[in-house]
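These are the residues of each chain, in order.
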Amino acid sequence: MPDPTSLSATTLARRIREGRHSAVEVLEAHLARIERRNPALNAVVTLDADHARARARAADAALEGGTVWGPLHGVPFTVKDQYATAGLRTTYGLPQYPRFVPDADATLVDRLRQAGGLLFGKTNLPFAAYDWQCRHPLFGRTNNPHDPTRTPGGSSGGAAAALAARLTPLGLGADVAGSIRVPSHFCGVAGLRPTEGRLPLDGILPPDRPRTVQHVVVGGPMARSVEDLQLAWRALDGAAPSPTPPAEDLRVAVTPELGGVPVDTDTQRTLRETVRALKAAGATVEREPAPVDLEAALSTWADIQGAELSAGMPGPLRLQPGKALLWYGAVRSVFGFLGRRLARGAHRSMRGYLTALDRRAALTRTLDSFFGSWDLWITPVASVPAFSHRRTGAPFSLEGVSVPYALPFAVYNCATAVLGHPILTLPAGRSEEGLPIGLQVHGRPGHDDALLAAGRRLEAVLPPRPTPAPASQ
């Protein structure tokens, strides 16, 4: 009998329905693995073992009576600690909520439960869910399973690390600046940033705070395969999977570099290998420039984010001089050039904010026109694979050159997020050091199911993934 933690969520769901594994057995296997592996990783920060065990027993009893709760019947899952979970501690990444227990689930959590899933833990995130690393003010740092000296990425870093280490078969993350995509890339897992507005986002902030961030942010599933993302998407969105298209029907545009920001040698090689594999499978693949003005897109993202984040700050930080100290002081000192853009956005007038929304709409229309000619657009996720733990804001070495902290991520993740279309992060290769490298696969807005179906085809034609590094076993 295979170890349940080595099986995909799709396989687990099928084997539980067939009676080849019990829900209790599957849950206990994951809890035992968390006991062994999590102390070194700190990916899962809150467990709900007792309630999950009761739910697993109920799932097995329901099956014995001929009742199937849904597509996730008996499958355990974890969610990022940004999501409210009824009866289970939720910190939202904020130190002032160390023991807060919500009365109700966030809608996306509830949908996974209603589909038969067993919530058994919460995964780590950075302060306020705003960093490309994963260091919580109360729970501490999460390590990458492939190399514990490196970050799993942020902000959904705990979710990605837990998946890569086989602590959970499914996770739920959120993304405003790469928070699903970067951790998926760093940890070698799959993640979907859905079409903006496709899924509800209630329950990602404390109930005593207004959700002023109304644009760009999305919630989405994370898993170890695209097939498992389809399973989770069925639970979250209700859409049945689209047929997997033949490779020869796919028209794929590839942009190896965005906004003049270079990627490292390993990422360049992974892109070339991906292009060769797709062409060999019969797909039409062409190198194309970015379809939108990425400088305008990055400024638009920062204007919208800065304005909306600023509106949600406590009173003293919405007024001068506190506002200037926060944005032109703290934020700028951490995020550098990106922080300066966010600060400008935070100080925009209402007219300036609305103008940014108009610019965003125009950029999105341009991307829509591009997808009239192409089915998919492939780009890197970031300039580099997982980097070593460091102070937030400390510079990187990119091919031997020191670059600002935000440079490897801002254009690839912020400028693409503001466009609102769905983006699949797909594991595609490894660096010479054995670190995972993922790619972003962008699809048509509103056609998330078709993007996932195409991702299944890409996953099938890409070269087999190398054996995971020993640290992730």
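In case you missed it, the structure is sitting above this.
First, a word on what this report is: a plain description of the structure on this page. In this numbering scheme, every chain counts its residues from 1 along its sequence in written order. Owing to the predicted nature of the model, reporting of local features is limited to residues with pLDDT of at least 70; listing and counting of side-chain atom pairs is limited to 80 or more, with chain, interface and lining totals taken over all residues. Each side-chain value is derived from all of the structure's non-hydrogen atoms; neither hydrogens nor water enter the calculation.

1. Quick word on the overall build of the protein chain
Of the regular secondary structure elements, the protein chain holds 14 helices and 15 strands. At 21 Å, the protein chain has a C-alpha radius of gyration in line with the 23 Å of a compact globule built from 473 residues. When its C-alpha atoms are laid out on the principal axes, the protein chain stretches across 60 × 55 × 40 Å. Relative accessibility thresholds used throughout: buried, under 20% of the residue-type maximum; exposed, over 50%; partly exposed, between the two (1.4 Å probe, protein chains only). The 473 residues of the protein chain split such that 61% are buried. Labels follow the DSSP assignment, with helices taken as runs of H or I lasting at least four residues and strands as runs of E lasting at least two, numbered in each case from the N terminus. Each radius of gyration is computed over the set of C-alpha atoms, and the globule rule expresses the reference value as 2.2 Å times the number of residues to the power 0.38.

2. A closer look at the packing of helix H7 (residues 226–237) against helix H14 (residues 448–461)
Axis angle and axis distance: for two packed helices, these are the angle between their axes and the distance between the axes, and together they describe the pair. A fitted line through C-alpha atoms serves as each axis, taken over the contacting stretch for helices, and the angle formed by two N-to-C directions is quoted from 0 to 180°. The N-to-C vectors of H7 and H14 enclose an angle of 160°; their axes lie 9 Å apart at closest approach. As judged from the angle between their axes, H7 and H14 are roughly antiparallel. As for how H7 packs across H14, the hand of that crossing is left-handed. On H14, the residues that touch Val226, Glu227, Leu229, Gln230 and Trp233 of H7 are Asp448, Asp449, Leu452, Ala453, Gly455, Arg456 and Glu459. Residues are sorted three ways: Asp, Glu, Lys and Arg are charged, Ala, Val, Leu, Ile, Met, Phe, Trp, Tyr, Cys and Pro are nonpolar, and all the rest, Gly among them, are polar. Per-class residue counts for the contact of H7 with H14 are five nonpolar, two polar and five charged. Throughout this description, any angle smaller than 35 degrees is read as roughly parallel, any larger than 145 degrees as roughly antiparallel, any in the 65 to 115 degree range as roughly perpendicular, and the remainder as oblique. For a crossing to be left-handed, the near helix must be turned anticlockwise from the far one by less than a right angle; the clockwise case is right-handed. Between two residues, a contact is recorded if the distance between any of their heavy atoms is within 4.5 Å.

3. A few points about the pairing of strand S15 (residues 436–442)
Counting buried positions along S15 yields seven of seven residues, so the element is predominantly enclosed. Residues of S15 alternate between two faces, with Pro436, Gly438, Gln440 and His442 on one and Ile437, Leu439 and Val441 on the opposite face, all of them buried. We call two strands paired when DSSP finds no fewer than two bridges between them. Inspection of the sheet shows strand S11 (residues 376–380) paired to S15 by four bridges, in the antiparallel sense. In the sheet register, Trp377 faces S15, and the bridge partner there is His442. As paired elements, strand S14 (residues 423–430) and S15 share seven bridges and run antiparallel to each other. Bridge assignment links Leu424 to a residue of S15, and that residue is Val441. Once S14 ends, the chain turns through five residues before running back antiparallel as S15, passing Gly434 with a positive phi of about 90°.

4. Notes on empty space enclosed by the protein
We place a 1 Å grid over just the protein atoms. Points where a 1.4 Å probe fits but has no way out form a cavity, open points with protein on both sides within 12 Å along at least 5 of 7 lines form a pocket, and any residue with an atom within 4 Å of a point lines it. Grid points are joined across faces, edges and corners, and a volume is the space filled by probe spheres set on the points. Under the defined criterion, the tally for this structure stands at three cavities of 30 Å³ or more. In this structure, the largest cavity occupies an estimated 100 Å³ of space. Lining of the largest cavity is provided by Ala129, Tyr130, Asp131, Trp132, Val176, Ala177, Ser179, Trp301, Phe335, Leu338, Leu342 and Cys414. If one sorts the elements of the lining of the largest cavity by residue count, helix H11 (residues 322–346) sits on top with three residues.

5. Some words on the side chain of Asp105
Within the secondary structure, Asp105 is located in the loop between strand S2 (76–80) and helix H4 (107–114). Contacts described as polar in this section are N or O atom pairs within 3.5 Å, which, within protein, must combine one atom able to donate a hydrogen with one able to accept it, while residues neighboring in sequence count only if both atoms come from side chains. Among the polar contacts listed, one links the side chain of Asp105 to the backbone nitrogen of Ala86, at a separation of 2.7 Å. A distance of 2.8 Å separates the side chain of Asp105 from the side chain of Arg113, its partner in a polar contact.

6. A look at the sheet that holds S15
Pairing is mixed in the open sheet, where eleven strands are placed in the order S1-S3-S2-S6-S8-S7-S14-S15-S11-S9-S10. On the outer flanks of this sheet lie strand S1 (44–47) and strand S10 (284–287), each paired with one strand and no other. Geometrically, the sheet is characterised by an average inter-axis angle of 30° between neighbouring strands, direction not taken into account. Both S2 and strand S3 (residues 118–123) contribute to a ladder of five bridges, which runs parallel. Its bridge partner lying in S3, Phe77 is registered against Leu119. Against the sheet, helix H3 (residues 49–64) makes contact with S1 and S3, and its axis sits at roughly 155° relative to S3, the strand it touches most.

7. What to know about the pattern of salt bridges
The rule for a salt bridge is simple: a side-chain nitrogen of Lys or Arg has to be within 4 Å of a carboxyl oxygen of Asp or Glu. Evaluated as defined, the whole model comprises 21 salt bridges. Measuring nitrogen to oxygen at the nearest pair gives 2.6 Å for the salt bridge that ties Glu28 to Arg53. One end of the pair, Glu28, is in helix H2 (residues 23–41); the other, Arg53, is in helix H3, and 25 residues separate them in sequence. Residue Glu28 is classed as partly exposed on the basis of its relative accessible area of 30%. For Arg53, a relative accessible area of 29% corresponds to the partly exposed category. Here Arg53 and Asp50 are joined by a salt bridge, their closest N and O atoms 3.9 Å apart. With a gap of three residues between them, Arg53 and Asp50 both fall in helix H3, about one helical turn apart. Overall, the relative accessible area of 59% leaves Asp50 in the exposed class. Several salt bridges share partner residues, and in doing so they unite Glu28, Asp50 and Arg53 into one network.

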